[in-house]
Amino acid sequence: GVQYGQVGTDVTLSCTGARAGSPVQWRRVGATALPEGSAIHQGSLMLPHAGLAVAGTYSCHDEEGGLLHIVSLRLGLLPGVPFVSCRASDYENFSCSWTSSVETFLPTRYITTYRKKSLTGEEKRRNKNGHVGPCLQDPSHPGTCTVHGSEFWSSYRLNITEVNPLGSSFRLLDITMQAIIKPDPPEGLVVEPIPFAPRRLHVSWKYPSSWPKEPHFQLRFRLQYRPVIHRSWSVVETVNLSEVITDAFAGLEHVVQVSAKDFLDAGNWSEWSAEARATPVRDPATAASEETTTDASLESLAEEPSQAPNPEPINRSEPLEKMAVLVSLGIFAFFVLAAVLIVTILIWLRVRKHGKDKTKPHNFLVAATHLKALPSELGC
């Protein structure tokens with residue numbers, strides 16, 4: 001048989017089949033001597049403060065050397081409290097995974113159950129302790145279990161018990177669906193260039209196949225993209241299943257990913273989807289001028305030190321926007337020149353009128369002098 005013992009404790013091996021009071025001999029298979037400090041007492045082998053090195057196969061014999069008993073000694077530790085985490089990829093099921101907190105060196109199994117805490121009146125009458133059921137383990141995925149048919153508004157208490165030949169230890173975990181919801185990544189990501197739009201890319205994707213199709217639980221999405229040679233990401237959010245990137249770099253390959261989260265912000269964002277890549281079309285009208293600046297642009301992008309996602313889109317004005325700015329400046333300059341011309345004409349008219357007013361008194365005096373002289377001339 002097999003006998004289990006705890007590391008650091010005194011271990012006793014009994015010689016089954018030996019007659020009471022008869023002397024026996026103990027041997028260790030594969031070794032010339034018994035472990036240091038061992039002793040034989042009343043036919044049993046005593047191993048004080050046994051360490052892992054003491055484990056092995058032992059046999060006891062009678063005085064003539066005949067085999068009486070053989071035993072395999074395995075040493076290890078008591079189970080520790082396991083580490084447990086749970087996640088729901090939809091609102092109909094949730095799964096939990098665990099790892100041992102202690103390396104026991106012994107064969108270990110797990111007992112996994114759950115209890116529903118939020119009960120209806122009928123459930124409370126039938127079972128005062130709540131509905132208890134198994135969290136089903138999948139042999140092909142060790143260290144995980146799944147609760148099927150979970151309910152959105154219910155709370156659950158999960159019990160993961162680790163058991164080995166020396167004893168057991170358990171972890172209780174209270175969970176709600178809203179807290180552990182984490183969708184799978186979106187699927188079917190496609191990125192395509194848009195004809196005659198050198199700075200645009202069309203991106204589309206689908207709901208993850210694991211998400212329920214009912215319209216009651218919607219998802220929102222987060223899109224990140226960057227030129228392949230750039231280290232920083234631009235990030236946008238949307239509730240649609242497609243998005244148009246408007247600030248891509250013409251002629252440069254871009255990498256795009258998308259993730260999902262519950263529409264009402266419950267739980268966590270999914271992992272990022274697999275990458276998809278595309279290159280915006282190159283504008284023939286500006287290709288020649290761009291060639292002179294491409295090298296400098298690539299160098300500046302490659303030297304960009306930031307590696308963290310950048311939520312702000314890459315800011316580069318489009319040709320149409322630049323044209324609109326130039327037209328606006330031209331119109332503004334026209335109105336300024338027109339205003340200056342009008343003010344100049346008004347000042348000139350005012351000065352001219354003022355000059356005419358100054359000549360009127362002189363003409364009046366000349367006329368009066370001429371009239372005064374007329375009577376004397378007539379008397380002569």
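A quick note: this is a predicted structure, and the numbers were derived from the prediction, not measured. (Residues numbered from 1 in each chain as written. Predicted model: local features only at pLDDT ≥ 70, side-chain atom pairs only at ≥ 80, totals over all residues. Heavy atoms only, no water.)

Attention now goes to a nonpolar patch on the surface. A surface patch of nonpolar side chains, about 630 Å² in accessible area, is lined by Leu341, Ile342, Ile345, Leu346, Trp348 and Leu349. Assessed through its relative accessible area of 52%, Trp348 is described here as exposed. (Patch = residues over 30% accessible without salt bridge, like charges linked within 9 Å, V, L, I, M, F, W, Y side chains within 5 Å. Areas by Shrake-Rupley, 256 points an atom, 1.4 Å probe, with all protein chains shown as cover. Salt bridge = Lys/Arg side-chain N within 4 Å of Asp/Glu carboxyl O. Buried < 20%, exposed > 50% of the residue type's maximum accessible area, 1.4 Å probe, protein only.)

So, about the pairing of strand β13 (residues 144-148). A one-sided burial pattern is seen for β13, the buried positions being Cys145 and Val147 and the unburied ones Thr144, Thr146 and His148. The pairing of strand β9 (residues 93-99) with β13 spans five bridges and is classified as antiparallel. Residue pairing for β13: Asn93 is matched across the bridge by His148. Pairing of strand β12 (residues 136-137) with β13, which is carried by two bridges, proceeds in the antiparallel orientation. By the bridge assignment for β13, Leu136 is matched with Thr146. What sits between β12 and β13 in their antiparallel hairpin is a turn of six residues, with Gly143 showing a positive phi close to 80 degrees. (Helix = DSSP H or I, 4+ residues; strand = E, 2+ residues; numbered from the N terminus. Pairing = 2+ DSSP bridges.)

Counting across every chain of the model gives eight aromatic pairs. For the ring pair Phe94 and Tyr156, a centre distance of 5.4 Å and an interplane angle of 55 degrees mean the geometry is tilted. Linking Phe94 in strand β9 with Tyr156 in strand β14 (residues 155-164), this pair joins segments that are 62 residues apart in sequence. A relative accessible area of 1% means that Phe94 is categorised as buried. Clustering of aromatic rings is evident, with ring pairs tying together Tyr91, Trp211 and Phe217. Of note, Arg222 hangs over the ring of Trp269, and the distance from its end group to the ring centre comes to 4.4 Å. (Phe/Tyr/Trp six-rings, centres within 6.5 Å; stacked < 30°, edge-to-face > 60°. Lys NZ or Arg CZ within 6 Å of the ring centre and 35° of its normal.)

This brings us to the nonpolar core. Generally speaking, a soluble globular protein has its nonpolar side chains buried in company with each other. Phe94, Leu158, Val203 and Ile245 are the most contacted members of the largest nonpolar core, which has 37 residues in total. Broken down by element, this core gets its largest block of residues, four residues, from strand β18 (residues 219-227). Shared between two domains, this core takes at least three residues from each, and those domains are domain 2 (83-179) and domain 3 (187-284). Beyond its immediate sequence surroundings of up to four residues, Val203 is in contact with Leu189, Val190, Val191, Leu223, Leu241, Ser242, Glu243, Ile245 and Val256. Listed in part, the 14 residues of the second largest apolar core include Val11, Leu13, Leu45 and Tyr58. (Core = buried A, V, L, I, M, F, W, Y, C linked by side-chain atoms within 4.5 Å. Domains from an automatic or database assignment. Contact = heavy atoms within 4.5 Å.)

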